[in-house]
Amino acid sequence: HEEKEERGRFYTALENFFDWLVAGYDRGLKWVFRHQFLTLMSTLALIVLTAGLYIVVPKGFFPEQDTGFVFGQAEARQDISFAAMTKVTNQFADIIRQDPAVFQVVTFAGATGGNASENTARFMIQLKDFGDRDASAQEVIQRLRPKVAQVEGSKYYLQAAQDVTVGGRLTQTEYQYTLSDTDTDELNYWAPKIQAGMQKLGEVQDVATDQQIASPHTTVTIDRDAAYRLGLSLSQIDQTLYDAFGQRQVATIYSPTTQYKVILEVQPDFQNDVAALSRIYLTSSGGTQVPLSAVAKYGTKIEPLTVNHQGQFPSVTLSFNVTPGKSLGDAVQKIQQMQEALKVPQTLQGTFQGNAQAFQASLSTTPILIAAAVLVMYIVLGMLYESYIHPITILSALPSAGVGALITLMLFGYDLSVIALIGIILLIGIVKKNAIMMIDFALEAERHHGKSPLDAIHEACLLRFRPIMMTTMAALLGGLPLAVESGAGAELRRPLGIAIVGGLIVSQFLTLYTTPVIYLYLDRVNEWMGRHGFHRGKAVKEKKKQKRLPAPAPKPLIEAAE
């Protein structure tokens, strides 16, 4: 005991408030001890409730962040020229720049910068600083969507850039669902049907495909015999066509400050007309000019613009964004159910890629991860207390933490993501600390002071109430800034704080009452095992041995605690 001395009013008021709390807690404990069976049933109900909440809680992978960058991709008709695609790209860029939250836009048109074909363009949109704009990245995307839809003959897709991504190919939208088949015709038949089915789902939006199989092609069929008679080779014909319509660099002009690459090609007016082929002449081996039409025939047909592969098989990737207010888990489930309802052939395989694939893997490993963490804690606590029973008492506090975290996430509209799961794992370590502080003191009072289990756990609860409240409030207030912060990138950290704060608030109230009752019930189980000859560990044997000896003079519990 500290020497009594004069304290200030603030200190005295706090101590009086804390004494009032302890007195109220003592009254609650006495009521709980009179209704032990009801308290035990409520603990079992918490375990069932935790499992039920885990099943129904919306599940996601990583929270969607506002990093200040937005990626866009435009897709025009498959027979568009590069010049026309450039005009479409500039139209999109002009619309985007007019948004007050946009700082600058960088564009790549044609088959460059990650684009697979000439009819695509990519946009890198940098937003203004978080404090200087009136909307988040998702809000900017939502208000740009109807504006860019006004550009005729093309589609536009937007997605917010994320700090954490897992694999996946570069697609129009964030998540990918890839279809693969050994039969290309079967793949091309079912892919549009599945895409149409996804577009009808309310959980996804911006459904896009990389399937481009309707591109008009001009064919040049060479008459080999006629070309041989006129002294022309196939390579000569091929090189002449490349000179006219390719990108052959024939010279470099150097100036004092820069250099210019000279490209050989026909006039742009002739590049867009098939009739230009009839104006091309070839030089035969004899030096005469031979028109191309004398050795070739022209035609048109529909051919794929690109053919993608997944491994060794042809594939079509359907990409999508999750509708605001929906979870990735709901979207994945609905897509799988939709494909099963279509009764697609067994040879057509559909798999999620990138973040969606990693999310599916996390769903199956999350219960295993939590079970492994609990098992490791049980083994460590078992070695610490040399008992099979007391670790169960300590771990009985965990369901209340899970219930608090899951309910809080659902109330604030957050998914059970990887970040929230990290918060729950942290909760497991923080919450079991409360039970350890109680059980350790109660065992000491039983073994060395001759207290009954009821008296020992009762006094342990009252004497350990202050340090339990101190450590819990320190952890809770430490997680509170994560739960309420705002700004760039706060979306990634906020579920962590919400899970910690919500779990601690609920578990702190419940475990203060449920843990003592679990301790008493398991102590009776321990005694029953002893009467029936079950192995109870070294700690129980020492306790039984001490009961045969005269009880020593009890020391003050405060000194024992110190």
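Residues numbered from 1 in each chain as written. Predicted model: local features only at pLDDT ≥ 70, side-chain atom pairs only at ≥ 80, totals over all residues. Heavy atoms only, no water.

Enquirer: Before we go on, may I ask you to explain the overall build of the chain in this structure?
Expert: Tallying secondary structure elements over the chain gives 18 helices and 15 strands in all. The dimensions of the chain, computed from C-alpha atoms along their principal axes, are 125 × 60 × 45 Å. Within the chain, the fraction of its 562 residues that count as buried is 43%. Within the chain, contacts between residues separated by at least 24 positions form 76% of all contacts whose residues are at least 6 apart in sequence. Accessible surface, the chain as shown: approximately 30500 Å² in total, 59% of it carbon and sulfur. Charged side chains of the chain number 49 positive and 52 negative; the gap between the two group centres comes to 8 Å. (Helix = DSSP H or I, 4+ residues; strand = E, 2+ residues; numbered from the N terminus. Buried < 20%, exposed > 50% of the residue type's maximum accessible area, 1.4 Å probe, protein only. Contact = heavy atoms within 4.5 Å. Areas by Shrake-Rupley, 256 points an atom, 1.4 Å probe, with all protein chains shown as cover. Lys, Arg positive; Asp, Glu negative; His and termini not counted. Charge placed at Lys NZ, Arg CZ, Asp CG, Glu CD.)

Enquirer: Sorry if this is basic, but what is going on with empty space enclosed by the protein here?
Expert: The gaps of empty space that remain are located by a probe, the size of a water molecule, rolled over the atoms. One pass over the full model with this rule turns up two cavities of 30 Å³ or more. Estimated volume of the largest cavity: approximately 70 Å³. Around the largest cavity, the lining residues are Phe61, Phe62, Pro63, Gln65, Gln162, Val164, Glu174, Tyr175, Asn355 and Leu492. (1 Å grid on protein atoms, 1.4 Å probe; cavity = no way out; pocket = protein on both sides within 12 Å on 5 of 7 lines; lining within 4 Å. Points joined across faces, edges and corners; volume = space filled by probe spheres on them.)

Enquirer: Where do I start with the pairing of strand β14 (residues 313-322) in this structure?
Expert: Every regular strand shows the same layout, with side chains that alternate between the two sheet faces. Within β14, nine of the 10 residues are buried, leaving the element largely enclosed by the surrounding structure. Bridge count between strand β5 (residues 175-180) and β14: six bridges; the pairing is antiparallel. Note on β14: the bridge partner recorded for Leu179 is Val316. One ladder, built from four bridges, connects strand β6 (residues 204-209) with β14; its direction is antiparallel. Its bridge partner being in β14, Ala208 is matched across the sheet by Ser319. Judged from the three bridges that link them, strand β13 (residues 308-310) and β14 form a sheet pairing that is antiparallel. Directly across from His309, in β14, lies its bridge partner Pro314. Here β13 folds back onto β14, and the loop between the two strands holds two residues, one of which, Gly311, carries a positive phi near 70°. (Pairing = 2+ DSSP bridges.)

Enquirer: I would appreciate a short explanation of helix α4 (residues 137-148) in the present structure.
Expert: Structural remark: α-helix, 3.6 residues per turn; residues separated by three or four positions point the same way. For α4, built from 12 residues, the straight-helix expectation of 16 Å at 1.5 Å per residue is met to within 8% by its first-to-last C-alpha distance of 16 Å. Among the residues of α4, those classed as buried are Ala137, Val140, Ile141, Leu144 and Val148. Looking straight down α4, one finds that the buried residues subtend no more than 100° of arc, so they occupy a single side. Looking at the buried side of α4, the elements it contacts are β1 (69-76), α3 (82-97), β3 (120-127) and β4 (154-160). (Expected span 1.5 Å × (residues − 1). Arc of directions from axis to C-beta.)

Enquirer: Help me understand the packing of aromatic side chains, please; the structure alone is not making it clear to me.
Expert: By convention here, two paired aromatic rings are described through the distance between centres and the angle between planes. Overall, the coordinates contain 12 aromatic pairs when judged by the stated rule. The interplanar angle of 65° and the centroid separation of 5.1 Å between the aromatic rings of Phe123 and Tyr156 together place this pair among those described as edge-to-face. Residue Phe123 is found in strand β3, and its partner Tyr156 is found in strand β4; the two are separated by 33 residues along the sequence. Taken as a pair, Phe123 and Tyr156 share a single burial class, namely buried. Here the aromatic rings of Tyr177 and Phe352 are separated by 4.6 Å at their centres, their planes lie at 50°, and the arrangement is tilted. Taken as a pair, Tyr177 in strand β5 and Phe352 in strand β15 (residues 349-353) lie far apart in primary sequence, 175 residues in all. Tyr177 gets classed as buried once you look at its relative accessible area, which sits at 3%. Classification of Phe352 by relative accessible area gives buried; the value is 2%. Through successive ring pairs, a cluster of aromatic residues spans Phe18, Tyr25, Phe465, Phe509 and Tyr513. (Phe/Tyr/Trp six-rings, centres within 6.5 Å; stacked < 30°, edge-to-face > 60°.)

Enquirer: Quick question: what am I supposed to make of the layout of surface pockets here?
Expert: A volume near 1400 Å³ is recorded for the largest pocket. Around the largest pocket, the lining comprises 31 residues; the ones closest to its centre are Ile80, Ser81, Phe245, Gln271 and Asn272. Of all elements in the fold, only α3, β7 (215-222) and α8 (268-271) reach the threshold of two or more residues within the lining of the largest pocket. For the lining of the largest pocket, the leading source of residues is β7, giving five residues. Taken together, the residues that form the lining of the largest pocket break down as 13 nonpolar, 14 polar and four charged. (Nonpolar A, V, L, I, M, F, W, Y, C, P; charged D, E, K, R; others polar.)

Enquirer: Would you explain the nonpolar core in this entry?
Expert: Looking at soluble globular proteins, one finds that nonpolar side chains tend to be buried together. The biggest cluster of nonpolar side chains holds 32 residues, and the ones touching the most others in it are Tyr25, Met438, Ile457, Leu512 and Tyr519. Per element, the largest residue contribution to this core is nine residues, and it comes from helix α13 (residues 418-449). Each residue touching Ile457, except ones within four places of it in the same chain, is listed here: Phe33, Met438, Ile439, Ala442, Pro516, Tyr519 and Leu520. (Core = buried A, V, L, I, M, F, W, Y, C linked by side-chain atoms within 4.5 Å.)

Enquirer: Whenever I open this one, the pairing of β3 confuses me. Can you help?
Expert: Burial analysis of β3 places six of its eight residues in the buried class, the great majority of the element. Where β1 and β3 come together, seven bridges link them in antiparallel fashion. Bridge assignment links Glu75 to a residue of β3, and that residue is Thr120. Here strand β2 (residues 102-109) pairs with β3 via seven bridges, running antiparallel. Among the inter-strand pairings, Gln104 is bridged to a residue of β3, identified as Gln126.

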